Amino acid sequence: QFNTELIGTGLATYEGDAIGGTALTTSATSDAAIRQTYQWHNYFAGKPQKIELTASKFGVQANITKRFGYFSSNTTTPFNSTLDGLFFESNSTGVYCKIYRAGTEVFSLEQNDWLNKSETTNYDAADFNFYVIDFLYLGGAVANFWVLTDKGLTLIASYQHINVDQNTFIKSPNQPIRYEIRQSGAGSG
């Protein structure tokens, strides 16, 4: 169900019983491992889209960028420009909820600024977690980011794109589910 692109010594290893999924790893500068669904999901006008995702080992690491969500990029290696869509990102500085439109960052909210902080005190990005992104592309232009906590499904970020600019907040509402890890310096991820 997934296309896999590996750059350098990046790996995508199915770990079935151990973690119940595929581990993406890097071990050298400029490595990357990307998994993206074959299917791009259709958006129907006026109907909210709901994306449910799971991830573990998403914690902050030096020189490592991890992303997962509902997004795409250019189609040539290293597949890292013209990002378009909604995703969660962990990089050297923190954990974020992000929206990109055709390569331009439209929205970014770091974990320290998340909504409902009192409900996310037990959230640890390194643990196995359940995430949700829902959005209404036309007729409301809103995107919400959620994480499942011990308090239930908790809204952590909300973006309203009314009277912001003349464009939609993402170029296309039809995107694949995508997970990726990229390394920009020493270490491994």
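As the structure is a computational prediction, the values presented were derived from the model and not from experiment.

> When you look at the environment of Asn116 in this model, what are you seeing that I'm missing?
Mapped onto the elements of the fold, Asn116 is located in the loop between β9 (104-110) and β10 (129-136). With 73 residues separating them in the primary sequence, Asn116 and Gly189 have C-alpha atoms 29 Å apart. Residues contacting Asn116, with those up to four places away along its chain left out, are Thr154 and Leu155.

> Would you explain the pattern of salt bridges in this entry?
Note on pairing: side chains with opposite charge can pair once their charged atoms come close. Evaluation of the coordinates by the stated rule reveals 9 salt bridges. Lys50 is the salt-bridge partner of Glu52, the closest N and O atoms lying 3.4 Å from each other. Residue Lys50 is classed as exposed on the basis of its relative accessible area of 53%. Where Asp165 meets Arg101, a salt bridge forms, and the shortest distance between an N and an O atom there is 3.1 Å. Of this pair, Asp165 sits in the loop between β12 (152-160) and β13 (177-183) while Arg101 sits in strand β8 (residues 94-101), placing them 64 residues apart in sequence. A relative accessible area of 36% means that Asp165 is categorised as partly exposed. A residue is classified by how much of its surface remains accessible, and Arg101, at 15% relative accessible area, is buried. Connected through salt bridges with shared partners, the residues Arg67, Glu89, Lys98, Glu105, Arg178, Glu180 and Arg182 form a single ionic network.

> Explain the environment of Leu11 to me, please; I cannot follow it from the model alone.
In this structure, Leu11 sits in strand β2 (residues 11-14). Classification of Leu11 by relative accessible area gives partly exposed; the value is 44%. The contacts of Leu11, once residues within four sequence positions are left out, are Leu6, Ala23, Leu24, Thr25 and Ala33.

Reading the values: the criteria
- Residues numbered from 1 in each chain as written.
- Predicted model: local features only at pLDDT ≥ 70, side-chain atom pairs only at ≥ 80, totals over all residues.
- Heavy atoms only, no water.
- Helix = DSSP H or I, 4+ residues; strand = E, 2+ residues; numbered from the N terminus.
- Contact = heavy atoms within 4.5 Å.
- Salt bridge = Lys/Arg side-chain N within 4 Å of Asp/Glu carboxyl O.
- Buried < 20%, exposed > 50% of the residue type's maximum accessible area, 1.4 Å probe, protein only.

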